[in-house]
Amino acid sequence: MRLRRPIEEDADTLLAGSRDPLVREFMQGVLAHRDRASAVRWITEVAPGLWDADRAAHFAVLDGEGPAVGWAELVDLRPDEGAAEVAVWLLPAARSLRVAASALRLICRFGFEQLGLERIDAYAAADNMPVQVVGAFIGFRRAGFRPQLFRSSSTQTLHDAVYATVVPGELC
């Protein structure tokens, strides 16, 4: 398992993920790219701009050889606070505890070791238990509950959210 900054060849993965019903239901702000060219533009223009502005760090998730199987990101980067929010999504064929935990652990290690973060936060829909299990598996501690925190990207449904956090010494 490894992460790398996204490249143009990851456009098909980004396009598929942006159209995946579970990704769109349980993640806020997912843009449904209309075509591969839109995904390429996002990878080559938007993601690097966010990285350069210290606002976000996006990575393609790779599991062995072949195309990317998902996406991992640190968003809402707050270097002055030493904090960020993490999100990971995987294409259906790659959804497993092993792949999800590995990708989440790697992006958190990057945040702690390369960006010097002191805390990484995560929000999961209260009814999305698999994401909560993955977070707990690698050391995230539940820190709160936020009613109607985010809106689904596909149905516009408001989801209650579980808030969890991890600090460097607690990452498994």
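Since we're looking at a predicted model, the values are computed, not measured.

**A closer look at the pattern of salt bridges**
- Scanning the entire structure with this criterion turns up ten salt bridges.
- For Asp10, the salt bridge goes to Arg4, with nearest N and O atoms at 2.5 Å. When sorted by exposure, Asp10 lands in the same class as Arg4, which is buried.
- Note that Glu113 is salt-bridged to Arg109, the shortest N-O span being 3.3 Å. Linking Glu113 with Arg109, this pair stays in helix 4 (residues 97-113), spanning four residues, or about one helical turn.
- A single salt-bridge network, built from bridges that share partners, covers Asp76, Arg78, Glu81, Arg119 and Asp121.

**Section: unusual backbone geometry**
- The phi torsion at Asp54 lies on the positive side, around 55°, for a residue other than glycine.
- Along the chain, the position of Asp54 falls in the loop between helix 3 (36-52) and strand 2 (57-62).

**Regarding the nonpolar core**
- Leu74, Val86, Leu104, Ile107, Cys108, Ile120 and Phe140 are the most contacted members of the largest nonpolar core, which has 31 residues in total.
- If you list the elements that add at least two residues to this core, you get strand 2, strand 3 (70-78), strand 4 (83-90), helix 4, strand 5 (119-125) and strand 7 (158-166).
- Considering every element that reaches this core, the biggest residue donor is helix 4, with nine residues.
- Leave out the neighbours within four places in its chain, and Phe140 touches Val86, Leu104, Cys108, Ile120, Asp121, Ala122, Gly135, Ala164, Thr165 and Val166.

Parameters at a glance
- Residues numbered from 1 in each chain as written.
- Predicted model: local features only at pLDDT ≥ 70, side-chain atom pairs only at ≥ 80, totals over all residues.
- Heavy atoms only, no water.
- Salt bridge = Lys/Arg side-chain N within 4 Å of Asp/Glu carboxyl O.
- Buried < 20%, exposed > 50% of the residue type's maximum accessible area, 1.4 Å probe, protein only.
- Helix = DSSP H or I, 4+ residues; strand = E, 2+ residues; numbered from the N terminus.
- Core = buried A, V, L, I, M, F, W, Y, C linked by side-chain atoms within 4.5 Å.
- Contact = heavy atoms within 4.5 Å.

Geometric descriptors of this kind do not, in isolation, establish any biological role.
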